[in-house]
Amino acid sequence: MQLTAESCEPGAEKAGAHSLRPVIFVVEDDEDIARLISHNLREAGYDVQSFVSGASVLTEAVREMPALFLLDVMLPGTDGFELCRHIRQTPVLSATPIIFLTAKTGEADRVKGLELGGDDYITKPFSPRELVARIRSVLRGLGQAPHVGEVLRLGDLEIDISSMTVQVQGRSVVTTVREFRLLEYLATHRGRVLTRDQLLDAVWKETPFVTPRSIDVYIRRLREKIETDPRHPQYLKTLRGIGYRFEVPR
């Protein structure tokens, strides 16, 4: 499986233009690792477009609309964290899942990845089988809508579970897959106090890098998106030392 130079930069591998298979954008400057990832993802039923830097990723992504981004953190030029920030700021890409693949194993780096909107964080060296499983887990989250057609209208908040969309006072709010699943779970269990471990089990069953304290990062991001004043939340209440509860403002 050889990397080609068909995309807008050297070292990029282009997916078939008319393929019906999900396309994964892999941004990895180590060509041996990129080749290994590409081979295993193709064997698992995905198409792959590989990049050795972030230079042309956004342009190509807007045109191709990938199913998921797999980003190395330590890249030449724009690093993976900064690239993630740009993706989340691009309206047509902002809800696309992002998985970090990196040798940076520190908790501060994992938290930073979460805060920027990452859906998963895989450290090197990694098992190709685990990588495929984690990608499938994230993509599966896009299709898990157990209450098909249900729309939750709670105060000024509207959560459409079937289309995975959120509106606040009629204004659309973009969430990542994990943010939406967390908000959905809290809202459908409104009034109940849920511990961090309960939320982990419900939303992150197959994602070992997320710790109970990581839930706080996601709650903070959700508050910034749905609360009028995130410092004094109306919906997402903290029960100190216990967890969180979703309340409907009166």
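Residues numbered from 1 in each chain as written. Predicted model: local features only at pLDDT ≥ 70, side-chain atom pairs only at ≥ 80, totals over all residues. Heavy atoms only, no water.

Engineer: How do you make sense of the layout of surface pockets when you look at a structure like this?
Structural biologist: The space that makes up the second largest pocket amounts to roughly 190 Å³. In this structure, the second largest pocket is lined by 14 residues; those nearest its centre are Met-164, Thr-165, Val-173, Val-174 and Thr-175. Mapped onto the lining of the second largest pocket, the elements with two or more residues apiece are strand E8 (165–168), strand E9 (171–173) and helix H6 (177–188). Per element, the largest residue contribution to the lining of the second largest pocket is 3 residues, and it comes from E8. (1 Å grid on protein atoms, 1.4 Å probe; cavity = no way out; pocket = protein on both sides within 12 Å on 5 of 7 lines; lining within 4 Å. Points joined across faces, edges and corners; volume = space filled by probe spheres on them. Helix = DSSP H or I, 4+ residues; strand = E, 2+ residues; numbered from the N terminus.)

Engineer: Honestly, the sheet that holds strand E1 (residues 23–27) in this entry has me stumped. Any pointers?
Structural biologist: Within a sheet, neighbouring strands are paired by backbone hydrogen bonds and run either parallel or antiparallel to one another. Taken together, the 5 strands give an open sheet; going across it, the order is E2-E1-E3-E4-E5, and neighbouring strands pair in parallel fashion. Of all strands in the sheet, those with a lone pairing partner are strand E2 (47–51) and strand E5 (120–123), marking the two edges. Within this sheet the neighbouring strands show an average axis-to-axis angle of 20°, counted without direction. Sheet topology note: the strand E4 (residues 98–102)/E5 ladder contains 4 bridges and is parallel. By the bridge assignment for E5, Thr-102 is matched with Thr-123. Lying on the sheet, helix H2 (residues 57–64) is in contact with E1, E2 and strand E3 (68–72); it crosses E1 at an angle near 180°. (Pairing = 2+ DSSP bridges. Axes fitted to C-alpha atoms, helices over the stretch in contact; angles between N-to-C directions. Contact = heavy atoms within 4.5 Å.)

Engineer: How do you make sense of H6 when you look at a structure like this?
Structural biologist: Residue pairs three or four apart in sequence face the same way in an α-helix, which turns once every 3.6 residues. Between its first and last C-alpha, H6 extends 16 Å over 12 residues, near the 16 Å set by a 1.5 Å rise per residue. Burial analysis of H6 places 10 of its 12 residues in the buried class, the great majority of the element. Every buried residue of H6 is listed here: Val-177, Arg-178, Glu-179, Phe-180, Arg-181, Leu-182, Leu-183, Glu-184, Leu-186 and Ala-187. (Expected span 1.5 Å × (residues − 1). Buried < 20%, exposed > 50% of the residue type's maximum accessible area, 1.4 Å probe, protein only.)

Treat this as a map of the structure, not an account of what it does.
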